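Geometric and topological summary
Residue strings, one per chain:
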Amino acid sequence: MGKINLEHVSKSFGVTSIIPDLNLDIEDGEFVVFVGPSGCGKSTLLRLIAGLEDVTSGTIRIDGRDVTQEAPAKRGLAMVFQSYALYPHMSVYKNIAFPLKMAGEDKTLIDRKVKDAAKVLNLTNYLDRRPGQLSGGQRQRVAIGRAIVRQPSAFLFDEPLSNLDAALRGTMRLEISELHQQLKTTMIYVTHDQVEAMTMADKIVVLNAGNIEQVGSPLELYRSPRNLFVAGFIGSPRMNLLSGAAASKYSAETIGVRPEHLLISRTEGDWKGTVGVAEHLGSDTFLHVHAEGMDHGMDHITVRAEGEAGLNPGDTIYLTPDAQKLHRFGKDGIAL
Amino acid sequence: MARTASTGQKIAWTVVAWVIALVIFFPILYTIITSFKTEPEAIAGISLIPSGTFQNYIDVETQRDYFRPFMNSVIISLGSTVLALIVAIPAAWSMAFSPTRRTKDILMWMLSTKMMPAVAVLVPIYLLFRDWGLLDSRIGLTVMLTLINLPIVVWMLYTYFREIPGEILEASRMDGASLWNEIIYVLTPMAVPGIASTLLLNIILAWNEAFWTIRLTTTNAAPLTAFIASFSSPQGLFWAKLSAASTMAIAPILIMGWFSQRQLVRGLTFGAVK
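Residues numbered from 1 in each chain as written. Chains lettered and ligands numbered in written order. Predicted model: local features only at pLDDT ≥ 70, side-chain atom pairs only at ≥ 80, totals over all residues.

**Observations regarding the sheet that holds strand 7 (residues 154–158) of chain A**
Residues and elements named next belong to chain A. Pairing is mixed across the open sheet formed by six strands, whose spatial order is 6-7-8-3-9-10. Lying at the two open borders of the sheet, with one neighbouring strand each, are strand 6 (77–80) and strand 10 (211–216). Across the sheet, the axes of successive neighbouring strands diverge by a mean angle of 20°, strand direction being ignored. Across five bridges, the pairing between strand 3 (residues 31–35) and strand 8 (residues 186–191) is parallel. Within strand 8, the residue paired with Val 32 across the bridge is Ile 188. (Pairing = 2+ DSSP bridges. Helix = DSSP H or I, 4+ residues; strand = E, 2+ residues; numbered from the N terminus. Axes fitted to C-alpha atoms, helices over the stretch in contact; angles between N-to-C directions.)

Right, dumping it as structure tokens:
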């Protein structure tokens, strides 16, 4: 079991309030991602759940039990750190065995569990090595191995992939998702990378300045962002947020159009513009278009065109937003 | 672009480095050479070729007891080092892992005691030693050297402990390690290289300490520094014997330093570069 509830949790360092007042329910077996810009309090929130930081006020419950004042080890959680935090003087085997040894498990049981974990994580051939002799991805797998042998009620991941190169990040992302499907244990994952959030999460918690902006499934957040912050944060490339005349037409203060929801034409459309930069990805082309005669508060509009598009810098094009998929926001930044 | 040096430049720099090294090493070398000369040879003037006599060593060993000051040096330098580590490890530990607003000030204050000339407190310390019956005692000297080197030991250990990433300690806490287990299984093994080089450096400092050892001892607790000094006696200076005594005094520490130079260099430059 791994149901986690946060009730009116707040955290301040001296006079600086990091998390003002936060309520959140995480269901058993969920893959929850905390996402937000740096300094939004997502890592602090994870550390509060882990018990590595004390809450200033509020209650944290795990499976209904109040653990607010309990030591990290007593909470039955396992954590994977950004820097891996492996014990450099111990072999891979000893690193993975460490939590079991601390729990006073029997030696044969430790041996079996460590070897099982090593098999799952493809580390069998590296058990005698020291962390210093492993690659980044292998180190991260050892850190995960150390977490899974304890059979915790929930896993906590603190930006675990940010030290890896892009290719490895993709592979490890998949491995963690597969691990979740296999173990069906609650996982809380902190990242600033919204691609990781979208691809891995059952539920995303978007944080900004210690406040929850929105909680929902990746597609819910993509389809109906509750406010301008979420609209701008979720989705890659970013949603185009236009104000002024373009927005008034739709009786809103601001409108949001995702790059993939703009129709391109060479002859007619709502907004006329010139192609500035064209980024060719092969499968798609991202066009950065300078719209003419429009007071919309953005210096360019990003458009996603399918395939190679056949458009070059300097070309004049017309853009029309898909009215069905257009987002409208009021003066307070909340979706209308 | 990487800087490249021509062969000529490399040779020139090698020669310069050797010359500097020889100049620095020359006093020790000349002491060793002189120890193999006869007394008339020793006072005759600068000469690099000794007659190769061992008589000075025999004289030093038979006329004066070398073993006693040697043992005093061993006991005092090891004892003061162990004592200093016992006090400094917990001190550096708490300052590195649970610093307060005043930690930096405390560290600076400790270091500032090293900025004062030792002679400034000679009289009060001498009187205290006299009143407490510590003059010419190994215990008194051990405590004295512990206190003298403590700031440096705390500083070195503090720098070492600061290099241990906090996340590793947090990971061990998550893994269920108690404070005691954390110290035994995680912190200490990671700090061992740092503790070892601090230990080595402190032994060397304590072994070579001459100001207090000469002033607070006469015969019973006199270590090798006092033993060398005793060769400059009212009967006159015996250069060759003095050199033999000096060579015997520095030999143990020179050998130890030679074999542990890697740890020492690492210890002294630790924390300078990441």
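**Side note on the sheet that holds strand 11 (residues 240–243) of chain A**
All names here are of chain A. Taking strand neighbours across the sheet as the criterion, the three strands line up as 11-12-18 in an open arrangement whose pairing is antiparallel. Edge positions in the open sheet fall to strand 11 and strand 18 (327–329), since each of these has one partner strand only. Each neighbouring strand pair of the sheet contributes to a mean axis angle of 25°, computed without reference to strand direction. Across four bridges, the pairing between strand 11 and strand 12 (residues 254–257) is antiparallel. Residue pairing in the sheet places Leu 241 in a bridge with Gly 256 of strand 12.

**Brief notes about the domain arrangement of chain A**
Splitting chain A by domain gives domain 1 (4–230) and domain 2 (240–329). On a C-alpha basis, the centres of domain 1 of chain A and domain 2 of chain A stand 38 Å from each other. (Domains from an automatic or database assignment.)

**A short note on the interface of chain B and chain A**
Contacts between chain B and chain A engage 14 residues on the former and 17 residues on the latter. Broken down by secondary-structure element, the contributors of at least two residues to the side of chain B that touches chain A are helix 8 (166–174) and helix 9 (179–208) of chain B. In terms of residues, the side of chain B that touches chain A owes the most to one element, helix 8 of chain B, which gives six residues. Considering only residue class, the side of chain B that touches chain A consists of eight nonpolar, two polar and four charged. (Contact = placed C-beta atoms within 7 Å. Nonpolar A, V, L, I, M, F, W, Y, C, P; charged D, E, K, R; others polar.)

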